[in-house]
Amino acid sequence: MALATKTIHDLAEHLENCELQAKDTVKITDAHPDMDWQDAYAIQDAIRQRKLARGARLVGFKAGLTSHAKMKQMGVDTPCFGFLVDQFAANDGDVIAHNSLIHPKVEPEIVFVLKHELRGPGCHIGAVLAATDFVMPGFEVIDSRYRDFKFDLKSVIADNTSAARFVVGGVATPLQAVDLRTVGVVMAKNGENVALAAGAAVLGHPAAAVAMLANHLGQRGESLPAGAVILSGGVTEAVAVAPGDHVSLRIQDIGRVSLRFG
Ligand code: OOG
Ligand code: MG
């Protein structure tokens, strides 16, 4: 760790206030260039503690930057991991107030729910498939607290990987009924298809992203619990939304989900 404990807490407070007040900021590594990876996750953990202390419930975890489309869009080459609390959850078809966010973008995600806990290290695709109860289509609404979504990997990890809202929908589908590599993903905005991909865009198989997430948590003494929401990462690039926009997602064999921005 390169940063003092007080600095970690100050940065967590600053980033969470930006989230709660829908205000942007410059990336934190500008003022703290020597910040290391442990500091970045420690800031994210401190944000999690702040939310839990105020009554939020931890409902899941996310992997991010797991597809080439996303890595290229954001200019980074390594996945990152974050947490989800109940306050981020929206329902299928909800209207999300655009002005409660800074500059939201939506991205299609394959969502896993486990029937058994997964604990790394040593998790692999097979272990994930064996532990999975079902998959569903989901949208993640990301909203980097950094001006113009300009960040480096450490800054975005500290900012809980831009997590803001998520919604899951469709049909809870067992893995026997779907090949997550070849499954087609179609995202539309205002009735026009804006991003298309197949599941294999996520690390060759979306379950590989869940295995990485379990291994990441394992290093930190945590696990992926049964029943949690697990976002495996944007399958395509993220698409910016404006007030009035309607977005819908279809994932072959597992259904659809939609959101509107008011
Ligand atoms: C970081 C969050 C990435 C994903 O699914 O790739 C992410 C960002 O792009 O702002 O959630
Ligand atoms: Mg995402």
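Parameters at a glance
- Residues numbered from 1 in each chain as written.
- Chains lettered and ligands numbered in written order.
- Predicted model: local features only at pLDDT ≥ 70, side-chain atom pairs only at ≥ 80, totals over all residues.
- Heavy atoms only, no water.
- Phe/Tyr/Trp six-rings, centres within 6.5 Å; stacked < 30°, edge-to-face > 60°.
- Lys NZ or Arg CZ within 6 Å of the ring centre and 35° of its normal.
- Pairing = 2+ DSSP bridges.
- Helix = DSSP H or I, 4+ residues; strand = E, 2+ residues; numbered from the N terminus.
- Buried < 20%, exposed > 50% of the residue type's maximum accessible area, 1.4 Å probe, protein only.
- Donors = N, O, S within 2.8 Å, 3.2 Å for Na, K, Ca; no water.
- Near = heavy atom within 4 Å.
- Polar contact = N/O pair within 3.5 Å; in protein donor to acceptor, adjacent residues only side chain to side chain.
- Areas by Shrake-Rupley, 256 points an atom, 1.4 Å probe, with all protein chains shown as cover.
- Disulfide = S-S within 2.5 Å.
- Contact = heavy atoms within 4.5 Å.
- Axes fitted to C-alpha atoms, helices over the stretch in contact; angles between N-to-C directions.
- Parallel < 35°, antiparallel > 145°, perpendicular 65-115°, else oblique.
- Left-handed = near helix turned anticlockwise from the far one by under 90°.
- Nonpolar A, V, L, I, M, F, W, Y, C, P; charged D, E, K, R; others polar.
- Expected span 1.5 Å × (residues − 1).

Chemist: Which parts of the structure should I look at to understand the packing of aromatic side chains?
Modeler: Aromatic ring pairs: the centre-centre distance and the angle between the two ring planes describe each pair. The tally for this structure, following the rule as stated, stands at two aromatic pairs. In this arrangement the basic side chain of Lys-105 is found over the ring face of Phe-149, its NZ or CZ atom lying 4.1 Å from the centre. One residue, Lys-154, lies across the ring of Trp-37, its end atom 5.0 Å from the ring centre.

Chemist: When you look at the sheet that holds strand S12 (residues 246-251) in this model, what are you seeing that I'm missing?
Modeler: Sheets are built from strands paired through backbone hydrogen bonds, the pairs being either parallel or antiparallel. Pairing is mixed across the open sheet formed by five strands, whose spatial order is S4-S13-S12-S8-S9. A strand with exactly one partner marks an edge of an open sheet, and here the two such strands are strand S4 (95-96) and strand S9 (192-198). As defined by bridge partners, S4 adjoins strand S13 (residues 255-261) across two bridges and the pair is classed as parallel. Paired with Val-95 across the bridge in S13 is Arg-260.

Chemist: So what exactly am I meant to see when it comes to the pairing of S12 here?
Modeler: Moving residue by residue along a regular strand, the side chains alternate between the two faces of the sheet. The alternating pattern of S12 places Val-247, Leu-249 and Ile-251 on a buried face, while none of His-246, Ser-248 and Arg-250, on the opposite face, is buried. Two strands pair when backbone bridges link them, and strand S8 (residues 184-189) and S12 are joined in this way by five bridges, in the antiparallel orientation. Looking at S12, one finds that Met-187 is bridged to Leu-249. For S12 and S13, the ladder comprises six bridges, and the chain directions are antiparallel. Bridging from a neighbouring strand, Arg-250 pairs with Arg-256 of S13. Joining the antiparallel neighbours S12 and S13 is a turn of three residues, in which Asp-253 adopts a positive phi near 70 degrees.

Chemist: Can you walk me through the coordination of the magnesium ion (ligand 2) in this structure?
Modeler: When a metal carries six donors in an octahedron, the ideal angles between them are 90 or 180 degrees, while four donors in a tetrahedron ideally lie at 109.5 degrees. Protein coordination at the magnesium ion (ligand 2): the donors are Glu-107 (OE), Glu-109 (OE) and Glu-140 (OE), at 2.0 to 2.1 Å from the metal. Expressed as a motif, the donor residue spacing for the magnesium ion (ligand 2) is E-x1-E-x30-E. One end of the pair, Glu-107, is in strand S5 (residues 105-114); the other, Glu-140, is in strand S6 (residues 132-142), with 33 residues separating them in the sequence. Comparing Glu-107 with Glu-140 shows no difference in burial state: the two are buried.

Chemist: Would you mind going over the site of ligand 1 with me for this structure?
Modeler: Around ligand 1, the surrounding shell holds 17 residues, and the nearest of these are Leu-65, Lys-70, Glu-107, Ser-162 and Gly-234. A distance of 3.0 Å is found between an oxygen atom of ligand 1 and a side-chain nitrogen or oxygen belonging to Glu-140. At a separation of 2.6 Å, an oxygen atom of ligand 1 approaches a polar side-chain atom of Ser-162. Protein chains shield 100% of the accessible area of ligand 1, which is 320 Å² for the free molecule. Secondary structure elements with two or more residues in the shell around ligand 1: strand S1 (58-64), helix H3 (68-74), S5 and S6. Here the element with the most residues in the shell around ligand 1 is S1; it accounts for three residues.

Chemist: Is there a simple way to explain the state of the cysteines in this structure?
Modeler: A covalent bond between the sulfur atoms of two cysteines is what we call a disulfide. Following the criterion strictly, the structure yields zero disulfides and no others. Of all cysteine sulfurs in the structure, the one in Cys-80 sits closest to Cys-18, which takes part in no disulfide; the separation is 18 Å. The thiol of Cys-123 is unpaired, and the distance to the nearest cysteine sulfur, on Cys-80, comes to 19 Å. Relative accessible area serves as the criterion here: at 12%, Cys-123 is assigned to the buried category.

Chemist: Is there a simple way to explain the environment of Ala-90 in this structure?
Modeler: Looking at the secondary structure, you find Ala-90 in strand S3 (residues 89-90). Separated by 50 residues in the primary sequence, Ala-90 and Glu-140 place their C-alpha atoms 9.9 Å from one another. Once residues lying within four places of it in the same chain are set aside, the contact partners of Ala-90 are Ile-96, Phe-166, Val-167 and Leu-259.

Chemist: Sorry if this is basic, but what is going on with the packing of helix H1 (residues 5-21) against helix H2 (residues 37-53) here?
Modeler: Helix-helix packing is described using two parameters, namely the angle between the two axes and the distance between the axes. H2 packs onto H1 with a crossing angle of 60 degrees between their chain directions and a minimal axis gap of 8 Å. Judged by the inter-axis angle, H1 sits oblique to H2. Read as a crossing pair, H1 and H2 show a hand that is right-handed. For the pair H1 and H2, contact is made by Ile-8, His-9, Leu-11, Ala-12, Glu-13, Leu-15, Glu-16, Glu-19 and Leu-20 and by Asp-39, Ala-42, Ile-43, Ala-46, Ile-47, Arg-50 and Lys-51, respectively. Split into classes, the residues belonging to the contact of H1 with H2 amount to nine nonpolar, one polar and six charged.

Chemist: What's the story with H2 in this structure? I'm lost.
Modeler: Three- or four-residue spacings in an α-helix give side chains the same orientation, since the helix completes a turn every 3.6 residues. Taking 1.5 Å per residue, 17 residues should reach 24 Å; H2 reaches 24 Å between its end C-alpha atoms and fits that length. Of the positions making up H2, those classed as buried are Asp-39, Ala-40, Tyr-41, Ala-42, Ile-43, Gln-44, Ala-46, Ile-47, Arg-48 and Lys-51. Buried-residue contacts for H2 involve H1, S1, strand S2 (80-85), helix H5 (153-158) and helix H6 (206-219). Its side-chain oxygen placed 3.1 Å from the backbone nitrogen of Gln-38, Asp-36 serves as the N-cap of H2. Just downstream of H2, Gly-55 is the residue with a positive phi angle, here 105 degrees.

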